[in-house]
Amino acid sequence: MGALASSTAGIPGQAKKQIDTALSLAPDNPLVLAGLGGWNIEVVRVGGGLFGQWIYAASLDAGVKAFKRAIAIAPGDLIVRYEFALQLAAFDAKGQRAEIAAQLGAASSAPAPTAYEKALQARAKQLGDLLAANDLAGFSARVKRYQNYP
């Protein structure tokens, strides 16, 4: 869904209200903070920096800050690191390449006690391998697939 359609439907605002509620209940929960980070980055990615800032007070910097806070609280949480890498990769894979590689590397080597975490870890390793091989077309295609975009 594009910026205009999602904004008209009120989706970004509804999502932000839910995140704010979660933050009020659990301000130091790394997954909630990752949700805030992902919301900021996605709003700016879809709507652009000016639109995101003007309409929703969203920014790349706020998204990165939220993810970094989540990582500081739970440095071994591979879900947070994987989602951070995925959001940055969708936003600007070339410009954020070093941070993406660092987060994918950390996610690939973190403990994965659940089947879900093992699956995300396999994806992180695959994305890291594509990035290391400089296969940016394959990397970009996987990022879109893992974000459920056509």
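In short, a report on the structure. (Residues numbered from 1 in each chain as written. Predicted model: local features only at pLDDT ≥ 70, side-chain atom pairs only at ≥ 80, totals over all residues. Heavy atoms only, no water.)

## Notes on the side chain of Q147
Right, so step 1: Mapping Q147 onto the fold places it in the segment after α9 (136-146).
Right, so step 2: Look at Q147 and you get buried, because its relative accessible area is 16%. (Helix = DSSP H or I, 4+ residues; strand = E, 2+ residues; numbered from the N terminus. Buried < 20%, exposed > 50% of the residue type's maximum accessible area, 1.4 Å probe, protein only.)

## Re the packing of helix α5 (residues 60-73) against helix α6 (residues 78-92)
Right, so step 1: It is the contact of α5 with α6, at a shortest axis distance of 10 Å, that shows an interaxial angle of 165°. The angle between α5 and α6 falls in the class roughly antiparallel. The crossing of α5 and α6 is left-handed. Contact with α5, carried on its side by L60, V64, F67, K68, A70 and I71, involves V80, R81, E83, F84, Q87, L88 and F91 of α6 and no other residues of that element.
Right, so step 2: Counted by class, the contact of α5 with α6 contains nine nonpolar, one polar and three charged residues. (Axes fitted to C-alpha atoms, helices over the stretch in contact; angles between N-to-C directions. Parallel < 35°, antiparallel > 145°, perpendicular 65-115°, else oblique. Left-handed = near helix turned anticlockwise from the far one by under 90°. Contact = heavy atoms within 4.5 Å. Nonpolar A, V, L, I, M, F, W, Y, C, P; charged D, E, K, R; others polar.)

## Notes on the packing of aromatic side chains
Right, so step 1: Counted under the stated rule, the structure contains two aromatic pairs.
Right, so step 2: Centre to centre, the rings of W39 and Y56 are 6.3 Å apart; their planes meet at 85°, and the pair counts as edge-to-face. With W39 in helix α3 (residues 30-47) and Y56 in helix α4 (residues 49-56), the pair connects residues that are 17 residues apart, well separated along the chain. Comparing W39 with Y56 shows no difference in burial state: the two are buried.
Right, so step 3: Both rings, one in F67 and one in F84, keep their centres 4.7 Å apart while their planes meet at 15°; by these two values the pair is stacked. On the criterion of sequence distance, the pair formed by F67 in helix α5 and F84 in helix α6 is long-range, its members being 17 residues apart.
Right, so step 4: Owing to a relative accessible area of 0%, F67 belongs among the buried residues under this scheme.
Right, so step 5: For F84, a relative accessible area of 0% corresponds to the buried category.
Right, so step 6: When the ring centre of W39 is taken as reference, the NZ or CZ atom of K16 above it lies at 5.6 Å. (Phe/Tyr/Trp six-rings, centres within 6.5 Å; stacked < 30°, edge-to-face > 60°. Lys NZ or Arg CZ within 6 Å of the ring centre and 35° of its normal.)

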